[in-house]
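Here are the chains, one letter per residue:
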Amino acid sequence: MSETRSDGDLLRAVAADGDRRAFEELYRRFAPWLTARLRGRCADPGIVDDVVQETFLAVWRGTAVYREDGDVAGWLWRIGSRRLVDALRGDGARGRLRQVLARLRHREEASAEDRVLAGVEHGDLAGALVRLSPELRAVLQATVVDGLTTHEAAVLLGIPPGTVKTRAMRARKQLREALA
């Protein structure tokens, strides 16, 4: 019976030796999870599949460097979520999004974005966000935009979960005061 290697052991084997079996095991462990998480952020399964593939290619090629003290899932999520943002900013993804939006535009109801922007002036919100410290903005990015849990955000940002909660509370308070 073979011994199950830890996630960190698998990553070290991939990075140091180009161990294909370790890479395959890492992929089997995390690709379905990463795919599900990314599909929560992007409705286009083609983009999601491309991003998952690019994430694991970065691991295989060694262009993404794992810090020994971090959580492997959080590290892979950070790579995947950043690659998703890059993909959505790209012309190919932008064109696909425009097509999807064009099909949905035939309805006369206002989009969620339009409803939010009607309630809050975009410039005020943008200004309030810019005035937040980088630490507070990073916590909002991780918890609100990326949808990470407090624990996942703590792993991603390299800070304790209690600090994530405190910074999120301070950021919300500062935004409320700035927008009032």
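Here the structure is a predicted model, which is why all the values come from computation and not from measurement.

### A closer look at empty space enclosed by the protein
One pass over the full model with this rule turns up 1 cavity of 30 Å³ or more. Of the voids in this model, the largest cavity is the one considered here, and its volume is about 70 Å³. Along its surface, the largest cavity is lined by Tyr 66, Arg 67, Gly 70, Asp 71, Gly 74, Trp 75, Arg 78, Val 155 and Leu 156. At the level of elements, helix H4 (72–89) and helix H9 (150–157) are the ones that each hand at least two residues to the lining of the largest cavity.

### Examining the packing of helix H1 (residues 7–17) against helix H2 (residues 20–39)
Look at H1 against H2: their axes get within 8 Å of each other, and the N-to-C directions meet at 135°. It follows from the interaxial angle that H1 and H2 lie oblique. Crossing of H1 against H2: the hand is left-handed. For the pair H1 and H2, contact is made by Asp 7, Leu 10, Leu 11, Ala 13 and Val 14 and by Ala 22, Phe 23, Glu 25, Leu 26, Arg 29 and Phe 30, respectively.

### Focus: the packing of aromatic side chains
For any two aromatic rings, the description comes down to two numbers: the centre-to-centre distance and the angle of the planes. Evaluation of the coordinates by the stated rule reveals 4 aromatic pairs. Note on Tyr 27 and Phe 56: the rings are 4.9 Å apart at their centroids and 70° apart in plane angle, and the pair reads as edge-to-face. With Tyr 27 in helix H2 and Phe 56 in helix H3 (residues 45–61), the pair connects residues that are 29 residues apart, well separated along the chain. Residue Tyr 27 is classed as partly exposed on the basis of its relative accessible area, which comes to 38%. When its relative accessible area of 2% is taken as the criterion, Phe 56 is described as buried. Taking the centre distance of 6.4 Å and the plane angle of 80° together, the rings of Phe 30 and Trp 33 count as edge-to-face. Of this pair, Phe 30 and Trp 33 both sit in helix H2, 3 residues apart, which is roughly one turn of the helix. Through a chain of ring-to-ring contacts, three or more aromatic side chains come together here, namely Phe 23, Tyr 27, Phe 56 and Trp 60. The ring of Trp 77 carries the charged tip of Arg 37 above its face, separated from the ring centre by 4.4 Å.

### Some thoughts on the layout of surface pockets
Any empty space left between atoms is shown by rolling a water-sized probe over those atoms. One number sums up the size of the second largest pocket: a volume of about 190 Å³. The set of elements that each furnish at least two residues to the lining of the second largest pocket consists of H4, helix H8 (134–145) and H9. With 4 residues, the top contributor of residues to the lining of the second largest pocket is H4. Of the residues that constitute the lining of the second largest pocket, the class distribution is 5 nonpolar, 2 polar and 3 charged.

Rules behind the numbers
- Residues numbered from 1 in each chain as written.
- Predicted model: local features only at pLDDT ≥ 70, side-chain atom pairs only at ≥ 80, totals over all residues.
- Heavy atoms only, no water.
- 1 Å grid on protein atoms, 1.4 Å probe; cavity = no way out; pocket = protein on both sides within 12 Å on 5 of 7 lines; lining within 4 Å.
- Points joined across faces, edges and corners; volume = space filled by probe spheres on them.
- Helix = DSSP H or I, 4+ residues; strand = E, 2+ residues; numbered from the N terminus.
- Axes fitted to C-alpha atoms, helices over the stretch in contact; angles between N-to-C directions.
- Parallel < 35°, antiparallel > 145°, perpendicular 65-115°, else oblique.
- Left-handed = near helix turned anticlockwise from the far one by under 90°.
- Contact = heavy atoms within 4.5 Å.
- Phe/Tyr/Trp six-rings, centres within 6.5 Å; stacked < 30°, edge-to-face > 60°.
- Buried < 20%, exposed > 50% of the residue type's maximum accessible area, 1.4 Å probe, protein only.
- Lys NZ or Arg CZ within 6 Å of the ring centre and 35° of its normal.
- Nonpolar A, V, L, I, M, F, W, Y, C, P; charged D, E, K, R; others polar.

Functional significance is not addressed by these values, which are geometric in nature.
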